[in-house]
Amino acid sequence: MAEIIVVTSGKGGVGKTTTSASLACGLARRGKKIAVIDFDVGLRNLDLIMGCERRVVYDFVNVVQGEATLKQAMIKDKRFDNLYVLAASQTRDKDALTREGVERVLKELADDGFDYIVCDSPAGIEKGAFLAMYFADQAVVVVNPEVSSVRDSDRIIGLLDSKTRRAEAGEPVKSHLLLTRYNPARVETGEMLSIGDVEEVLGLKTIGVIPESGDVLNASNKGEPVILDLESQAGQAYDDAVARIIGEDRPMRFTQLEKKGFFSKLFGG
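Residues numbered from 1 in each chain as written. Predicted model: local features only at pLDDT ≥ 70, side-chain atom pairs only at ≥ 80, totals over all residues. Heavy atoms only, no water.

*Asks:* Looking at this model, I keep getting lost on the overall build of the chain. Mind explaining?
*Replies:* Counting its regular elements, the chain contains 13 helices and eight strands. At 19 Å, the chain has a C-alpha radius of gyration in line with the 18 Å of a compact globule built from 269 residues. Projected onto its principal axes, the C-alpha coordinates of the chain cover approximately 70 × 40 × 35 Å. Counting only residues that meet the buried cut, the chain has 54% of its 269 residues in that class. Partitioning the contacts of the chain with sequence separation of at least 6, the portion at a separation of at least 24 is 75%. Counting only carbon and sulfur atoms, one obtains 48% of the accessible surface of the chain, whose full area is about 12,500 Å². Charged side chains of the chain number 35 positive and 41 negative; the gap between the two group centres comes to 2 Å. (Helix = DSSP H or I, 4+ residues; strand = E, 2+ residues; numbered from the N terminus. Rg over C-alpha atoms; globule rule 2.2 N^0.38 Å. Buried < 20%, exposed > 50% of the residue type's maximum accessible area, 1.4 Å probe, protein only. Contact = heavy atoms within 4.5 Å. Areas by Shrake-Rupley, 256 points an atom, 1.4 Å probe, with all protein chains shown as cover. Lys, Arg positive; Asp, Glu negative; His and termini not counted. Charge placed at Lys NZ, Arg CZ, Asp CG, Glu CD.)

This is how it looks when you write it as structure tokens:
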């Protein structure tokens, strides 16, 4: 049975698509059969970050509307044989997605032997975001450690707890917190909320902390999800998050300010 993971947030620009791409690649690297779907109709970006934008012929809306088959629309990743991308439409309206159509696509993927289906949600609480979360078994709530992002995500968590298929059946979606652009130095000076602060407000446990890093933007611009760059701290942190999602125990890295050694202090390093 496929496990459906929605990557969601209340606020735009916090790193949902980067997270969706990295989770999909991380799970595929562990041998799982993965489909990652872009629900952001009209503003698609997942195909860019996955590096397959020139290979999009049919999209998610085409499949939902019966204009193409799932097999025609799914793009096989060039790095992993067990990873497939379903792009969003750039030209349709968000109302082109229907609950029945989305359910049919997810069921077909599950019947096709996919282990995980990662749903890259648009920000906010409009129809695309609601449909992305409605069928989820797990949710990764992506938050920047600042007040407006945390407040907006609180609303999303309320919807996950009340407006999803699992909530209607009395089995809540298993939700995790993923902090992005985390900077321990700014936390220490009080410019940024700490992990504990965010957990306390949202009532979720942290599955991953992604440090603030230029590597994320560089990877996105190259069409290479940052998790594939295991030289970078951000890539390592995403890999840790994937490991925790599948039940591995990993220490939380990159969350503390590195203490300067004696010689660094002495010579100003």
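*Asks:* Please clarify how the side chain of aspartate 38 should be interpreted in this entry.
*Replies:* Take aspartate 38: it is sitting in strand β2 (residues 34-38). No salt bridge forms around the buried aspartate 38; measuring N to O, its nearest opposite-charge neighbour arginine 44 is 6.4 Å away. There is a polar contact of 2.9 Å between the side chain of aspartate 38 and the backbone nitrogen of aspartate 40. Non-local contacts of aspartate 38, meaning those with residues more than four positions away in its chain, are made with Arg44, Asn45, Leu46, Phe60, Leu86, Ala87, Ala88 and Asp120. (Salt bridge = Lys/Arg side-chain N within 4 Å of Asp/Glu carboxyl O. Polar contact = N/O pair within 3.5 Å; in protein donor to acceptor, adjacent residues only side chain to side chain.)

*Asks:* Is there a simple way to think about the pairing of strand β1 (residues 3-8) in this case?
*Replies:* Across a regular strand the side chains alternate sides, sitting on one face of the sheet and then on the other. Of all six residues making up β1, five are buried, and the element is well covered by its neighbours. Strand direction decides the pairing type here: β1 and strand β5 (residues 116-120), joined by five bridges, are parallel. Residue valine 7 lies in a different strand from β5, and its bridge partner there is aspartate 120. Across four bridges, β1 lies against strand β6 (residues 138-143) in parallel orientation. (Pairing = 2+ DSSP bridges.)

*Asks:* Is there a simple way to think about unusual backbone geometry in this case?
*Replies:* Negative phi is the rule for most residues except glycine; trans is the rule for most peptide bonds. Of note in this structure, arginine 181 is not a glycine but carries a positive phi near 55 degrees. With respect to the secondary-structure elements, arginine 181 resides in strand β7 (residues 174-182). Take arginine 181: its relative accessible area is 40%, and that puts it in the partly exposed class. A positive phi is found at phenylalanine 254, a non-glycine position, where the angle reads about 65 degrees. Along the polypeptide, phenylalanine 254 turns up in the loop between α12 (233-245) and α13 (262-267).

*Asks:* It is not clear to me how the nonpolar core should be interpreted in this structure. Could you clarify?
*Replies:* Note that soluble globular proteins tend to have their nonpolar side chains buried in a common cluster. Within the largest apolar cluster, 50 residues are counted, with the highest numbers of intra-cluster contacts made by Phe39, Phe60, Leu86, Leu97 and Leu109. Ranked by residues supplied to this core, first place goes to helix α7 (residues 147-162) with five residues. The residues contacting phenylalanine 60, other than those within four sequence positions of it, are Ile37, Asp38, Phe39, Leu86, Ala87, Ala88, Leu97, Val102 and Val105. Judged by nonpolar contacts, the second largest core, of 39 residues, contains Leu83, Leu178, Val216 and Val226. (Core = buried A, V, L, I, M, F, W, Y, C linked by side-chain atoms within 4.5 Å.)

*Asks:* What exactly am I supposed to notice about the packing of α7 against helix α10 (residues 195-202) here?
*Replies:* Two quantities define a packed helix pair, namely the angle between the axes and the distance from one axis to the other. For the pair α7 and α10, the least separation of the axes is 10 Å and the interaxial angle reads 40 degrees. Judged by the sense of rotation from one axis to the other, the crossing of α7 with α10 is right-handed. Side by side, α7 and α10 meet where Val150, Ser153, Asp154 and Ile157 of the first sit next to Val198, Val201 and Leu202 of the second. Here the residues of the contact of α7 with α10 are counted per class, giving five nonpolar, one polar and one charged. (Axes fitted to C-alpha atoms, helices over the stretch in contact; angles between N-to-C directions. Left-handed = near helix turned anticlockwise from the far one by under 90°. Nonpolar A, V, L, I, M, F, W, Y, C, P; charged D, E, K, R; others polar.)

*Asks:* Teacher, can you tell me more about the sheet that holds strand β3 (residues 75-76) here?
*Replies:* As a general point, the strands of a sheet are linked pairwise by backbone hydrogen bonds and lie either parallel or antiparallel. The eight strands are arranged β3-β4-β2-β5-β1-β6-β7-β8 in an open sheet whose pairing can be described as mixed. Only two strands of the sheet have a single partner each, and these edge strands are β3 and β8 (206-211). Its contacts with the sheet place helix α1 (residues 16-29) against β1, β2, β4 (83-86), β5, β6 and β7, and it is angled at close to 170 degrees to β5. Against the sheet, α12 engages β1, β6, β7 and β8, with an angle of about 175 degrees to β8.

*Asks:* Can you help me understand the pattern of salt bridges in this one?
*Replies:* Any two side chains of opposite charge can pair if their charged atoms end up close together. Throughout the structure, instances matching the rule amount to 19 salt bridges. Ionic pairing is found between glutamate 146 and lysine 11, a salt bridge with its closest N-O pair at 3.6 Å. One end of the pair, glutamate 146, is in the loop between β6 and α7; the other, lysine 11, is in the loop between β1 and α1, with 135 residues separating them in the sequence. Residue classification places glutamate 146 among the partly exposed residues on the basis of a relative accessible area of 30%. Classification of lysine 11 as partly exposed rests on a relative accessible area of 25%. Note that arginine 79 and glutamate 224 form a salt bridge whose closest N and O atoms lie 3.3 Å from each other. Here glutamate 224 lies in the loop between α11 (214-222) and α12 and arginine 79 lies in the loop between β3 and β4, a separation of 145 residues in the sequence. Look at glutamate 224 and you get partly exposed, because its relative accessible area is 33%. Salt bridges here are not isolated pairs; linked through shared partners, they connect Arg29, Arg30, Asp239, Asp240, Glu248, Arg250 and Arg253.

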